[in-house]
Amino acid sequence: MPEQVNRADLETKVQAMYRDVAQNPHGEFHFEMGRVMAERLGYRPDDLDRIPAEAIDSFAGVGYYFHFLDDMEGARVLDLGSGSGMDSFLASLITGPTGSVIGLDMTDAQRAKAEALRRRFGVRNLTWVKGYIEAAPFEDGSFDVVVSNGVINLAVDKPQVFREIARLLRPGGRLAIADIVTDVLLPETISCDATLWAACIGGAWQVERYRQAIEDAGLRIVADQVNDQYRFLSDNAQGATKKFGVKSVSLRADKL
């Protein structure tokens, strides 16, 4: 039986790291953050100009996926692992006043920052909920669209995350995500390292295994791309990227 990362240790490290992301976005991390990176990934400057700059400062996503989503006006949207809220704020603009967006995140500091920004900017169709992406506190079929950016790789039980997404989506609902995957299976020296896992490397799955977990949950992948513009910063992370083909992908999958 393969060894697994210690879940309690992982949660502690993930919460600590993303508390720092919220409170000290200009600190040193394994990964890039902020507006320059967001624009390089494909986010439109005009859209970013319309949302809180502080949310963009703490943006630690790994790709762009909104171009995979057609008409979203009036949609019920769930952002899994919403962080300081950049994608949630963008989704709230796209869905408009008749739509609604919920950001789900386990890290108190991220939600506190996002809520302070929501209040300051008077955004009314956006709320934040504390919870885990493997067991979201919502009823079946509650959402038209589920989005997530650079988060599912952090989950220990990825098949359960995709089953949960399928449960939450209405029939015909859409999933759009960006995440970290690998070309080859990571060795246990990396996959059991909670620090590398929290840095979005250790938990990355081999891409075909990742895609199969999505399909097994009852979701059909209809579009995907590799995000060549995403890159890690630290020497350790760059070494893993070269050796194991660690990369960012974006995709859309529809509920059957």
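Heads up: these notes are all about the structure in this document. Chains are numbered independently. Their residues run from 1 in the order of the written sequence. The predicted origin of the model limits local features to residues at a pLDDT of at least 70 and limits the giving and counting of side-chain atom pairs to 80 or more, whereas totals for whole chains, interfaces and linings rest on all residues. Side-chain numbers come from the whole structure's heavy atoms, not from hydrogens or water.

## Notes on the layout of surface pockets
Where we set the bar: For cavity detection a 1 Å grid was placed over the protein atoms alone, and a set of points counts as a cavity when a 1.4 Å probe fits there but cannot get out; an open set counts as a pocket when protein lies on both sides within 12 Å along at least five of seven lines, with lining residues being those that have an atom within 4 Å of a point. Grid points are joined across faces, edges and corners, and a volume is the space filled by probe spheres set on the points. For helices the rule is a DSSP run of H or I covering at least 4 residues; for strands it is a run of E covering at least 2, with both sets numbered from the N terminus onward. Note on residue categories: nonpolar means Ala, Val, Leu, Ile, Met, Phe, Trp, Tyr, Cys or Pro, charged means Asp, Glu, Lys or Arg, and polar means any other residue, Gly included.
Taken as a whole, the largest pocket spans an internal volume of roughly 650 Å³. Around the largest pocket, the lining comprises 37 residues; the ones closest to its centre are Val14, Gly81, Met106, Val151 and Leu154. Mapped onto the lining of the largest pocket, the elements with two or more residues apiece are helix H1 (7-23), helix H5 (86-95) and strand E2 (100-105). Per-element accounting of the lining of the largest pocket gives the leading share, seven residues, to H1. Considering only residue class, the lining of the largest pocket consists of 17 nonpolar, 13 polar and seven charged.

## A closer look at the nonpolar core
Selection criterion: Within this scheme, the nonpolar core is defined by two criteria: the residues are buried Ala, Val, Leu, Ile, Met, Phe, Trp, Tyr or Cys, and they are joined through side-chain atoms within 4.5 Å. With a 1.4 Å probe rolled over the protein chains alone, any residue whose accessible area is under 20% of its type maximum counts as buried; one over 50% counts as exposed, and the rest are partly exposed. In this analysis, two residues are considered to be in contact whenever any of their non-hydrogen atoms come within 4.5 Å of each other.
Counting 62 residues, the largest nonpolar core has Tyr18, Phe31, Tyr43 and Phe232 as its most contacted members. Dropping the residues within four chain positions of it, Phe31 is found in contact with Met17, Tyr18, Val21, Ala60, Ala199, Tyr230, Phe232 and Leu233.

## What about H1?
Applied cut-off: The span expected for a helix works out to 1.5 Å for each residue beyond the first.
The first and last C-alpha atoms of H1 sit 24 Å apart over 17 residues, in line with the 24 Å expected at 1.5 Å per residue. Buried residues of H1: Leu10, Val14, Gln15, Met17, Tyr18, Val21 and Ala22, and no others. Those residues of H1 hidden inside the fold are in contact with helix H6 (108-121) and helix H9 (194-198).

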